[in-house]
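Below, each chain spelled out in residue letters.
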Amino acid sequence: MKRVLLIDDNEDFRATLTDALKISGDFELDGASSGDEGIALYRKNPYDVVIVDMIMPGKNGMETILE
């Protein structure tokens with residue numbers, strides 16, 4: 001099973017993508033609402049893929065990726 005981390009400040013988008021990926025049964029998905037929250041999760045868990053929103057309040061997507 002592939003582990004995916006979704007970092008996006010839009011709760012509706014996170015929920016929709018989470019549901020869509022979980023339906024396939026091939027993905028375990030964690031979501032974060034901010035760059036800082038996503039970075040903390042990433043440091044605790046290995047992920048195969050990280051999907052990052054580029055426009056977020058606070059730490060934007062590029063800052064999150066670079067950190």
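In the block above lies the structure referred to throughout.
Summarised in this report is the structure supplied together with it. (Residues numbered from 1 in each chain as written. Predicted model: local features only at pLDDT ≥ 70, side-chain atom pairs only at ≥ 80, totals over all residues. Heavy atoms only, no water.)

1. A closer look at the layout of surface pockets
To keep it simple, the criterion reads: Space inside and on the surface of the protein is sampled on a 1 Å grid over the protein atoms alone, with a cavity defined as a set of points where a 1.4 Å probe fits but cannot get out and a pocket as an open set with protein on both sides within 12 Å along at least 5 of 7 lines; lining residues have an atom within 4 Å of a point. Grid points are joined across faces, edges and corners, and a volume is the space filled by probe spheres set on the points. The secondary structure listing takes helices from DSSP runs of H or I that are at least 4 residues long and strands from runs of E that are at least 2 residues long, numbered from the N terminus. Polarity classes work like this: nonpolar for Ala, Val, Leu, Ile, Met, Phe, Trp, Tyr, Cys and Pro, charged for Asp, Glu, Lys and Arg, and polar for all others, with Gly in that last group.
As a volume, the largest pocket reaches approximately 170 Å³. A per-element tally of the lining of the largest pocket places helix 2 (residues 35-44) first, with 4 residues. Considered class by class, the residues forming the lining of the largest pocket number 7 nonpolar, 2 polar and 2 charged.

2. A short note on the environment of D48
Selection rule: Think of it in three bands: residues with accessible area under 20% of the maximum for their type are buried, residues over 50% are exposed, and the middle band is partly exposed, with areas taken using a 1.4 Å probe on protein chains only. In this description, contact between two residues means that some pair of their heavy atoms is separated by no more than 4.5 Å. Each polar contact in these results corresponds to two N or O atoms within 3.5 Å; when the atoms are within protein, one needs to be able to donate a hydrogen and the other to accept it, and residues that are neighboring in sequence are counted only if both atoms are side-chain atoms.
On the secondary structure map, D48 appears in the loop between helix 2 and strand 3 (49-52). Residue classification places D48 among the partly exposed residues on the basis of a relative accessible area of 46%. Sequence separation between D48 and E67 is 19 residues; the distance between their C-alpha atoms is 17 Å. The residues contacting D48, other than those within four sequence positions of it, are M1, K2 and R3. At a separation of 2.7 Å, a polar atom in the side chain of D48 contacts the main-chain amide nitrogen of R3.

3. Things to note about the packing of aromatic side chains
How we decide: Centres within 6.5 Å are what make two rings of Phe, Tyr or Trp a pair, Trp counting through its six-membered ring; a difference in plane orientation under 30 degrees is then read as stacked, over 60 as edge-to-face, and the rest as tilted. For a lysine, the NZ atom is tested; for an arginine, the CZ atom; a charge sits over a ring if that atom is within 6 Å of the ring centre and within 35 degrees of the ring normal.
Applying the stated criterion to the full structure yields 0 aromatic pairs. Over the ring of Y47 we find R3, and its NZ or CZ is 4.6 Å from the ring centre.

4. A look at helix 2
Selection criterion: Throughout, the arc means the angular range of directions from the helix axis out to the C-beta atoms.
Along helix 2, the positions that sit buried rather than exposed are G35, G38 and I39. Projected onto a plane normal to the axis of helix 2, the buried residues spread over an arc of 100 degrees and lie on a single side. Check the buried side of helix 2 and you find it contacts strand 1 (2-7), strand 2 (27-32) and helix 3 (61-66).

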